[in-house]
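Residue strings, one per chain:
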Amino acid sequence: SILAVEDREGVYSAARACVVELEGQGAKYSPVFGNEFRQVVGELLGSAERANGAASEMLKEIGATKGKGEAEWTLVGLVQWLVGGGGGSQDTQEVEELRKTVQHLTASLTSLTEVFSLAVPRGEEVDGVRKVVMGGRGNNEPEMMESDNGLVLTPHGRWQVVQGLAKPVIRYEGDPDISPITHGEVVWLVRMLYQTSLWCNVKWGVALHTAWGRGGVLGRVARLLLAPPQHYFTVVKSISGGPASRQLHRHNARISLRPLASKKVLLYMTVYFALLWLVGYSFTGSLFLLLVLASIMLFATASLQYLTQPTPSLLDTSDLVLGDLDDKKTN
């Protein structure tokens, strides 16, 4: 065994010396299935997809031109056919070469995606320009895969994020009522309105949820005015050091005053009150007029929906809430 180890080390040393002699001291090798080579293969797949799309478009154009020429049979075409021009055979040869090109490119795309476990690129037109999207994701999104906890980054996707080649996809899936405050909102007003909404929902939560499920015009008014029932996830970290778990929660129909904290809404309301003040209305009168107009528009919209939209079928379960079904099962 000692001799075998010494022989193996000797072979390694000889091979290393040969490689250094051939490539030089600065030679750097990367594994075939490493992250860098996978990135190069991904770029190659994008170029192959663009070439495949261009060849397919040329085939379609040639087919359309050929069909149009056959339909418009003129005296010039008849004379050229009698003289014995060879344009037809040349066109046929060009079409065959394009078909072979499309077949080879399609086979190459399929083989490379299977060998390197990459997503199949697809071409799409954006503003008249053909772009290649890898696997249904954007060009600047990392590689992801489906799991029990939703979409997660693959090892290659994590490498893309670390190297700055792609930006991570950040989606908020938590409680929508306490989502991060944006630049278009007033911070202190968001917090104050959230506390007010929370107090109202705690006090009248059952009545609000009942009004959401009612039929007729009043039910449609409630569905226009209240925030809809929503499901959201919370991440619970494991104390033992294991992977975090996601728990499903539910909000019933509720009051949400957070849209009033938007800077755009505040700007519109300021302009409204300023214009009415110039006309001669007081702040109280302007507020009362605004509430009256909003109520009229709300009931008019609900009445129009009630008269124009069809009544849902008894077999339609799209308006059922998951929490209601669970409550019925437990009762």
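One can find the structure itself at the top, above this paragraph.
Quick summary incoming for the structure in this document.

What counts and what doesn't
- Residues numbered from 1 in each chain as written.
- Predicted model: local features only at pLDDT ≥ 70, side-chain atom pairs only at ≥ 80, totals over all residues.
- Heavy atoms only, no water.
- Core = buried A, V, L, I, M, F, W, Y, C linked by side-chain atoms within 4.5 Å.
- Buried < 20%, exposed > 50% of the residue type's maximum accessible area, 1.4 Å probe, protein only.
- Helix = DSSP H or I, 4+ residues; strand = E, 2+ residues; numbered from the N terminus.
- Arc of directions from axis to C-beta.
- Polar contact = N/O pair within 3.5 Å; in protein donor to acceptor, adjacent residues only side chain to side chain.
- Contact = heavy atoms within 4.5 Å.
- Axes fitted to C-alpha atoms, helices over the stretch in contact; angles between N-to-C directions.
- Parallel < 35°, antiparallel > 145°, perpendicular 65-115°, else oblique.
- Left-handed = near helix turned anticlockwise from the far one by under 90°.
- Nonpolar A, V, L, I, M, F, W, Y, C, P; charged D, E, K, R; others polar.

Some details on the nonpolar core
Judged by nonpolar contacts, V41, L45, A48, L105, L109, F116 and L118 together constitute the single largest core of 7 residues. Those elements that place two or more of their residues in this core are α2 (35-71) and α4 (87-115). Take this core: its biggest share by element is 3 residues, from α2.

Considering helix α5 (residues 155-163)
Residues of α5 that are buried include every one of H156, G157, W159 and Q160, and no others. Take α5 and look down its axis: the buried residues cluster within an arc of 160°, on one side only. Turned more than 90 degrees off the buried face of α5, the exposed positions are P155 and V162.

Quick notes on the side chain of D177
Examined against the element boundaries, D177 turns out to sit in the loop between α5 and α6 (187-212). Taking the relative accessible area as the measure of exposure, D177 reaches 18% and is therefore buried. Polar side-chain contacts of D177 include one of 2.9 Å to the side chain of R254. Apart from residues no more than four positions distant in its own chain, D177 is found in contact with Y194, H251, R254 and R258.

Topic: the packing of helix α7 (residues 216-225) against helix α9 (residues 283-308)
Angle between the axes and distance between the axes: these two values describe a pair of packed helices. Two numbers describe how α7 lies on α9: the axes approach to 9 Å, and their chain directions differ by 120°. As far as their axial angle goes, α9 and α7 are oblique. Where α7 crosses over α9, the two elements pack in a sense that is right-handed. Across the interface between the two elements, G216, V217, L218, R220, V221, L224 and L225 from α7 touch L298, F299, T301, A302, S303, Q305 and Y306 from α9. Grouping the amino acids of the contact of α7 with α9 by side-chain chemistry returns 9 nonpolar, 4 polar and 1 charged.

Fair warning: the whole summary comes from geometry, so function is off the table for now.
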